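As a plain string of letters, each chain reads:
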Amino acid sequence: MNVAKGRSVAHRWSRAASAARLGMVFLLLAALGCAANPRRPASTSVPPQSVDAAVNAYTRGDCRESIRLFSAALRGQEYPVLLNGLGMAQLQCRQPQNAVDSLQRAVSLSPDSAALHTNLATALFALGEYRKAEREFDAALRLDSVNPEALVGKAGILLRKKQPEKALKLLSQVSGNEAAAPETLYDRALALYQMGLAADAESILQRYADAYPHDAEAQNALGVVALGLKKPDQAKAHLDRAIALMPEQGIYYYNRGAALKAKKNFPAAVEDYSRAIAFMPELAEAYVDRGDLRLLLRGAEAGCKDLKKACDLGQCERFRKFQEAGRCRAEFWQ
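Cut-offs used in this document
- Sequence positions are assigned chain by chain, starting from 1 and proceeding in written order.
- Where local features are concerned, this predicted model is filtered to residues with pLDDT of at least 70; where side-chain atom pairs are given and counted, the filter is 80 or more; whole-chain, interface and lining totals use all residues.
- Only hydrogens and water are set aside when side-chain values are computed; all heavy atoms of the structure are taken into account.
- Between the N-to-C directions of two axes lies an angle of 0 to 180 degrees, each axis being a line fitted to C-alpha atoms and, for a helix, fitted only over the stretch in contact.
- Numbering of helices and strands runs from the N terminus; a helix is a DSSP stretch of H or I covering at least four residues, while a strand is a stretch of E covering at least two.
- Any angle that falls under 35 degrees is termed roughly parallel, while one over 145 is termed roughly antiparallel, one within 65 to 115 roughly perpendicular, and all others oblique.
- Crossings are sorted by hand: turned counterclockwise from the far helix by less than a right angle, the near helix makes the crossing left-handed, and turned clockwise it makes it right-handed.
- Any two residues having at least one pair of non-hydrogen atoms within 4.5 Å are treated as being in contact.
- Each residue gets one of three labels, nonpolar for Ala, Val, Leu, Ile, Met, Phe, Trp, Tyr, Cys and Pro, charged for Asp, Glu, Lys and Arg, and polar for the others, Gly among them.
- What is meant by a nonpolar core is a set of buried Ala, Val, Leu, Ile, Met, Phe, Trp, Tyr and Cys residues, joined one to another through side-chain atoms within 4.5 Å.
- Think of it in three bands: with a 1.4 Å probe and only protein chains considered, a residue is buried below 20% of the maximum accessible area for its type, exposed above 50%, and partly exposed in between.
- Note on aromatic pairs: the rings of Phe, Tyr and Trp (six-membered ring only in Trp) are paired at centre separations within 6.5 Å, and the planes decide the class, stacked below 30 degrees, edge-to-face beyond 60, tilted for the rest.
- Put simply, a charge is over a ring when the Lys NZ or the Arg CZ is close to the ring centre, within 6 Å, and near the line of the ring normal, within 35 degrees.

### Observations regarding the packing of helix α6 (residues 96-109) against helix α7 (residues 114-127)
Between α6 and α7, the least distance of the axes is 9 Å, while the angle of their chain directions is 160°. Compared by their axis directions, α6 and α7 come out roughly antiparallel. Two packed elements cross with a definite hand, and for α6 against α7 that hand is left-handed. Along the contact surface, α6 presents Pro96, Gln97, Ala99, Val100, Leu103, Gln104, Ala106 and Val107, while α7 presents Leu116, His117, Asn119, Leu120, Ala123, Leu124, Ala126 and Leu127. Residues belonging to the contact of α6 with α7 are distributed by class as follows: twelve nonpolar, four polar and no charged.

See the structure below:
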């Protein structure tokens, strides 16, 4: 499988193990000393005002209102349970740095909470701080070795590091309803795909896509799996749906270009590679594949310029091969 396609799927499937699980991790408030209803404080030391409303706003997806209400509840004194809520609302609002700041403050006040370490790891993952996220997932698992969110989150880190066997071992420790959760299935599918078991991955991933029919990146992942199974028509259908749902994701066009290339529709593939480059000008693989097709379609100058650009971005193998063959002369790009 092409490196870029694998990278795109791995990034998404790993992220599903952490930052995508907002609906679940909020319930970890219960692990911080709250009553059975996680929306109510355990004692009068936690200010009751706005807490229910803040959680309700989060639940219905109004993250800005949730942030406002949690911030109001925190005025005067900081409480871990409220900082946790604020951090998760900020993460829902795509403010990972703010979420990290809030959750770090919560952890400093309650360092023995596996739930807080897990949520902080989630925020760090969303910020792209993968090493720090891994440390926080590890801290959570030292405190609670069967914490399902920490197990799935750590597995996501291992998948990002291309260690699927270790990831599957962790995922096998997830029990109960969490074992059948769509997010857990997503990571299991990626692990199987990384191990070369594309058909097994496709079956599990389809269950995830059935649960989340509007998840564009699940459709992208199914498209990549179909490509691995040499089903270009099916791959294109999945990638068409992914693009319809999220039309500004350059990697989707790159993957659809690969499907079109497999279908021998080279002009259409060139167009999709161009769309991918428009959204992701740093994607060297797109220049390589577009350059190859342009050379095949007798566009020597344009093709060699693409291969030279890919070389400038760190992928020189194809460019040097065509140079050695005398097909890419210096006047094409100078």
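### Description of the nonpolar core
The biggest cluster of nonpolar side chains holds 65 residues, and the ones touching the most others in it are Phe70, Leu82, Leu120, Ala123, Tyr186, Tyr193 and Leu205. With residues up to four places along the chain from it excluded, the contact list for Leu120 reads Val100, Leu103, Gln104, Val107 and Glu136. Counting residues in each nonpolar core, the second largest holds 27 residues, with Ala235, Ile243, Ala258 and Val270 among its members.

### So, the packing of helix α9 (residues 148-160) against helix α11 (residues 182-194)
Interaxial distance between α9 and α11 falls to 10 Å at its minimum, and their mutual angle equals 25°. In this view, α9 runs roughly parallel relative to α11, as classed from their interaxial angle. Where α9 crosses over α11, the handedness of that crossing is left-handed. Residues Val152, Gly156 and Leu159 of α9 form the contact with α11, whose own contacting residues are Thr184, Asp187, Leu190, Ala191 and Gln194.

### Points about the packing of aromatic side chains
A complete count under the given rule lists five aromatic pairs for this structure. On the numbers, 5.0 Å between centres and 75° between planes, the contact of Phe125 with Tyr130 is edge-to-face. For Phe125, a relative accessible area of 1% puts it in the buried group. Aromatic ring contacts, followed pair by pair, group Tyr186, Tyr208 and Tyr212 into a single cluster. The ring of Tyr130 has Arg160 lying over it, and the distance from NZ or CZ to the ring centre is 3.8 Å.

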